[in-house]
Amino acid sequence: MRELFEKLLKMDRRWIFLLVGIALMVPILKPLKLPGLKASTPVQDLYTYIEGLPEGSKVLISFDFDPASKPELEPMGAAIVRHCMRKKLKVVAMTLWVTGASLAQRVVESEATAAGAKYGEDYVYLGWKPGNVAVITGMREDIHVVFPKDSKQTDLSKIPMMQDIRRLRDFDLAFSFAAGSPGLDTWIAYGADKEKVKMGGGSTAVNVPSMAVFVQSGQLVGFIGALRGAAEYELLMNFSGTATRGMDGIALGSYLVAALIILANIGYWLTRKPKGVA
Amino acid sequence: MTTLKRTVPLGIALVAGLVLILQGFVPHPVSGKVLTWTQSWVVIIAGVSILLGVGSLVQAHATKIHRQSRGWFYSAVTLGTFGLTALGFFHPKGIEPGGPLDWSYQYVMNEMSATMFSILGFFIASAAFRAFRARSVEATLLLVAAVIIMLGQVPVGAYLPGVPQVATWVLEVPTTAAKRAIILGVALGSIATALRIIFGIERAYLGGSE
């Protein structure tokens, strides 16, 4: 047994890579539809809040991520845009990350097209502006000054939907889907809290503990944590998107890593030399 | 030269810092206008800083190539792809969908960024196997917490008795408490640093050896 574990502990890391690859690939090739997914309280709260918004309510969505975080954050962004479109809310989308400008546009356009929404009347995409915090604080004063034109280079003053949206406080709900800074905490500190705008959002798994602080304090009406949160939202929306499909891979990957850690520790205790032995 | 290099920047930092601190406490329309005006400046400066960044990037990599320093080939790749991307702006389709910039974003940057991030998963698995050992009480606590949270975060974990509850408790109580302490500490540190810059005690941003 001891020899077996000694060999195991010295295993070439490429075997681990292979195991991880299999654990992630199998569910992609053949979805396992593992059971047990149910909406957590922050995700349910966000869904309920949007459900309670009257038709025509104005929603700001900031896609604050880049392609590296796309697999984790795009599904939740798409689910929220879909929900807003379903509820006939007015969506204004933007990004604080220059590398996310094109991603955000694709998500909004594809969901809006699927819902039959009209640009300029049901949704607008403002694009990106440099300045991070300055963009948020500027939007508190006048959105039309910070973004004189939308991403299609149309004057904001000529867009019907933007006529009665001038300041951050004109929104009934604001979102940030964030992979880091500037992101959700930036929006809370410099925008939502100052203007008393209700705020919701989502983040990558590594940022979930940081954002949990704002959920507990009530500064967020709801929160979507990583791909699991997005899958929970898809469950509430009653559709199976990329997040739901990705959960099988995450489950198998997590089980594999947990099993590897447990095995490595059993091996460590069985093979370690007593104190004083060289 | 000292006036231009030191006194003027320090003066600008002092005035801008104090005005913006006071602005936050004055709920008057004029105060709002000052903020809007300042924001325009910040956006302009941020735009100019991108240009400076481009200049700095080109200079650093060009020097490396010229001196044939270690890894100069990667600098050549950086500058080459940078040049190609910049050329894309002159294409009739420019940044429009289907244009060269959109294509390179969609099929190069998107995929390469996702690949880099995905590779992390493989390295984390390998590192966890090699480094996560119960060598001490602290390491054991970390290990047990990590495994419980990992299992508690996946759907099937709901069927393991007690695991989701313990995972939620770890995330909501000790983790959030520690995070809150960090956030408060960082905020206080930021205030202290800002005051040091405003009053000219911290001068590293001016460059030079001081």
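It should be emphasised that the depicted structure is a prediction, and the values quoted were computed from it without experimental measurement.

**With respect to the overall build of chain B**
Right, on to step 1. Each helix and strand in chain B was counted, giving six helices and zero strands.
Right, on to step 2. Going from the N terminus to the C terminus, chain B shows its helices and strands as α-α-α-α-α-α.
Right, on to step 3. Taken along the three principal axes of its C-alpha coordinates, chain B extends 70 × 50 × 40 Å.
Right, on to step 4. Sequence separation of at least 24 residues holds for 29% of the intrachain contacts in chain B that already meet a minimum separation of 6.
Right, on to step 5. Carbon and sulfur atoms provide 75% of the accessible area of chain B, an area that totals close to 14,300 Å².
Right, on to step 6. Taken together, the 14 basic and 7 acidic charged side chains of chain B have centroids lying 10 Å from each other.

**Details of the domain arrangement of chain B**
Residues and elements named next belong to chain B.
Right, on to step 1. Structurally, chain B comprises domain 1 (1-88), domain 2 (95-131) and domain 3 (134-202).
Right, on to step 2. The straight-line distance from the C-alpha centre of domain 1 to that of domain 3 is 34 Å.
Right, on to step 3. A buried area of about 380 Å², summed over both sides, lies between domain 1 and domain 3, and 83% of it is on carbon and sulfur atoms.
Right, on to step 4. Contact with domain 3 buries surface across domain 1, with L10, A13 and L14 losing the most and accounting together for 62% of the total.
Right, on to step 5. On inspection of domain 1 and its partner domain 3, the count reaches zero salt bridges.
Right, on to step 6. At the surface where domain 1 touches domain 3, the tally comes to zero residue pairs in polar contact (both at pLDDT 80 or more).
Right, on to step 7. Within the side of domain 1 that touches domain 3, the residues separate by chemical class into five nonpolar, one polar and no charged.

**Considerations on the sheet that holds strand β3 (residues 123-128) of chain A**
Residue and element names in this part refer to chain A.
Right, on to step 1. On the basis of which strands lie adjacent, the open sheet formed by six strands has the order β3-β2-β1-β4-β5-β6 and parallel pairing. Two strands lie at the open edges of the sheet, namely β3 and β6 (222-225), each paired on one side alone. Put simply, the sheet's adjacent strands are angled 15 degrees from each other on average, direction ignored.
Right, on to step 2. Taken together, the five bridges between strand β4 (residues 173-178) and strand β5 (residues 199-203) define a ladder with parallel strand orientation. Counterpart to F175 in the pairing with β5 is G200.
Right, on to step 3. Packed on one face of the sheet, helix α3 (residues 41-52) meets β4, β5 and β6 and runs near 130 degrees to β6.
Right, on to step 4. Its contacts with the sheet put helix α9 (residues 208-216) on β5 and β6, and the angle it makes with β6 is roughly 170 degrees.

**With respect to the environment of B:Q68**
Right, on to step 1. Residue position: B:Q68 is located in the loop between α2 (29-66) and α3 (72-88).
Right, on to step 2. According to the relative accessible area criterion, B:Q68 is exposed, its value standing at 51%.

**A look at the interface of chain B and chain A**
Right, on to step 1. Tallying the contact residues gives 48 residues for chain B and 54 residues for chain A.
Right, on to step 2. Seen at the junction of chain B and chain A, the total is one salt bridge.
Right, on to step 3. A salt bridge links A:R106 to B:D102; its shortest N-O distance comes to 2.6 Å.
Right, on to step 4. Taken together, chain B and chain A are joined by ten residue pairs in polar contact (both at pLDDT 80 or more).
Right, on to step 5. Of all elements in the fold, only α2, α4 (100-131), α5 (137-152) and α6 (163-198) of chain B reach the threshold of two or more residues within the side of chain B that touches chain A.
Right, on to step 6. With 15 residues, α4(B) is the largest single contributor of residues to the side of chain B that touches chain A.

**Remarks on the nonpolar core**
Right, on to step 1. Counting 77 residues, the largest nonpolar core has A:F63, A:I80 and A:Y233 as its most contacted members.
Right, on to step 2. Ranked by residues supplied to this core, first place goes to helix α4 (residues 70-86) of chain A with eight residues.
Right, on to step 3. With sequence-adjacent residues up to four places away left out, A:I80 is seen in contact with A:L46, A:I50, A:I61, A:F175, A:F177, A:I224 and A:Y233.
Right, on to step 4. Residues A:L9, A:I16, A:A258 and B:F129 belong to the second largest nonpolar core, which totals 20 residues.

Criteria and thresholds
- Residues numbered from 1 in each chain as written.
- Chains lettered and ligands numbered in written order.
- Predicted model: local features only at pLDDT ≥ 70, side-chain atom pairs only at ≥ 80, totals over all residues.
- Heavy atoms only, no water.
- Helix = DSSP H or I, 4+ residues; strand = E, 2+ residues; numbered from the N terminus.
- Contact = heavy atoms within 4.5 Å.
- Areas by Shrake-Rupley, 256 points an atom, 1.4 Å probe, with all protein chains shown as cover.
- Lys, Arg positive; Asp, Glu negative; His and termini not counted.
- Charge placed at Lys NZ, Arg CZ, Asp CG, Glu CD.
- Domains from an automatic or database assignment.
- Buried area = accessible area lost by both parts, 1.4 Å probe.
- Salt bridge = Lys/Arg side-chain N within 4 Å of Asp/Glu carboxyl O.
- Polar contact = N/O pair within 3.5 Å; in protein donor to acceptor, adjacent residues only side chain to side chain.
- Nonpolar A, V, L, I, M, F, W, Y, C, P; charged D, E, K, R; others polar.
- Pairing = 2+ DSSP bridges.
- Axes fitted to C-alpha atoms, helices over the stretch in contact; angles between N-to-C directions.
- Buried < 20%, exposed > 50% of the residue type's maximum accessible area, 1.4 Å probe, protein only.
- Core = buried A, V, L, I, M, F, W, Y, C linked by side-chain atoms within 4.5 Å.

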